[in-house]
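# Results of the structural survey
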Amino acid sequence: MTQGTRREPPLHKLGGLDVHAPGLGCMGMSEFYDPRSQDDAESIRVIHRFLDAGGDFLDTADMYGSGRNEVLVGKAIADRRDRVVLATKFGNVRGPNGEFLGVRGDAAYVKECCDASLGRLGVDHIDLYYQHRVDTKVPIEETVGAMAELVQAGKVRHLGLSEAATETIKRAAAVHPIAALQTEYSLWSREPELEILPTVRALGIGFVAYSPLGRGFLTGRFKAPDDLAADDFRRNSPRFQGENFQKNLDLVRVIEDLAASRGCTPSQIALAWVLAQGDDVVPIPGTKRMGYLEDNLGAVDVALTADELRKIDELLPAGSASGDRYPAHSMQAVNK
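Residues numbered from 1 in each chain as written. Predicted model: local features only at pLDDT ≥ 70, side-chain atom pairs only at ≥ 80, totals over all residues. Heavy atoms only, no water.

Let us look at empty space enclosed by the protein. A full pass over the atoms with the stated rule returns one cavity of 30 Å³ or more. When its volume is computed, the largest cavity comes out at roughly 40 Å³. If you go around the largest cavity, the residues you meet are Pro22, Gly23, Leu24, Phe50, Pro285, Leu293, Asn296 and Leu297. It is helix α9 (residues 290–297) that provides the largest number of residues to the lining of the largest cavity, a total of three residues. (1 Å grid on protein atoms, 1.4 Å probe; cavity = no way out; pocket = protein on both sides within 12 Å on 5 of 7 lines; lining within 4 Å. Points joined across faces, edges and corners; volume = space filled by probe spheres on them. Helix = DSSP H or I, 4+ residues; strand = E, 2+ residues; numbered from the N terminus.)

This is how it looks when you write it as structure tokens:
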């Protein structure tokens, strides 16, 4: 299909919140991925094009660029706030020079972070407010209790968790309804299928899949580690290193073959697969480039058949990827 006849992004459900899928992850606009290529003006154009194409779900966090990403998103949506389902996060603490200082979930910090995010975003409420990482030193009941007070105050509409374990999710949902659980999920990160997805579905919680393109690896753009900029944080990811990189290229070739048979791109196959997992699953591929955005939006026109989905399960089963999805110190903060 041409860009002009593209199907409207379908509505998916995150608890009591309806959003069009896919969403747009904004993290890379301000940090982490090839930092030298950041261009705020182009990023704002990307956000505007996403909204004009029928998208509405924007994902940011207070730690992305140490607040700069929220400022950027706020500028982009200042004159179109009513068209946006705005999600941001708190919990990862950073110092004045961007250094990571750990995770906090105490009640005072929750409220402090929310007020700071509202100010940077330039809005009077956040549609979906996540705890970015679970603070294992603070009972989840305290954290979610404080988040619930933000709902009561009208500062937040819906609550979410990110990278939380099943028992944490259950305890949180007992305090206040949780609209969404955000965790990495893609053709090379299928771990949520074991426990997380069944748990959130039993509780009526939606699922937001971050890095649905495997941090860009599943697009086929990277053929060697040196294709990444020297300061790109993906160089620290085990899946982008040494033998793991070469083994993971074999997965990409499977996706490329499927894309060739369908006359679409590898990115569109990878996103179409996530979209096919249910109308309670919303992928949020991130990009700061217009060309990649158009490619991602085209995934809504790729409806995988039952036979194609079975073939993908056979060729790319859970556990196919080589290497952990984060370095060891970062893996300690996920699924808590």
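This is not the end of the story, as more comes after the structure.
On to the pairing of strand β7 (residues 100–103). A regular strand places its side chains so that they alternate between the two faces of the sheet. Sheet topology places strand β6 (residues 92–94) next to β7; three bridges connect them, and they run antiparallel. The residue bridging arginine 94 from the neighbouring strand is phenylalanine 100, located in β7. In this antiparallel pair of consecutive strands, β6 and β7, the connection spans five residues, and glycine 98 shows a positive phi of 90°. (Pairing = 2+ DSSP bridges.)

Where helix α4 (residues 140–152) meets helix α5 (residues 166–175), the closest approach of the two axes is 9 Å, and the angle between their N-to-C directions is 40°. As far as their axial angle goes, α5 and α4 are oblique. Crossing handedness for the pair α4 and α5: right-handed. Each of Ile140, Glu141, Val144 and Gly145 in α4 lies in contact with α5, whose residues at this interface are Thr168, Arg171, Ala172 and Val175. Grouping the amino acids of the contact of α4 with α5 by side-chain chemistry returns four nonpolar, two polar and two charged. (Axes fitted to C-alpha atoms, helices over the stretch in contact; angles between N-to-C directions. Parallel < 35°, antiparallel > 145°, perpendicular 65-115°, else oblique. Left-handed = near helix turned anticlockwise from the far one by under 90°. Contact = heavy atoms within 4.5 Å. Nonpolar A, V, L, I, M, F, W, Y, C, P; charged D, E, K, R; others polar.)

Purely geometric numbers; function is a separate question.
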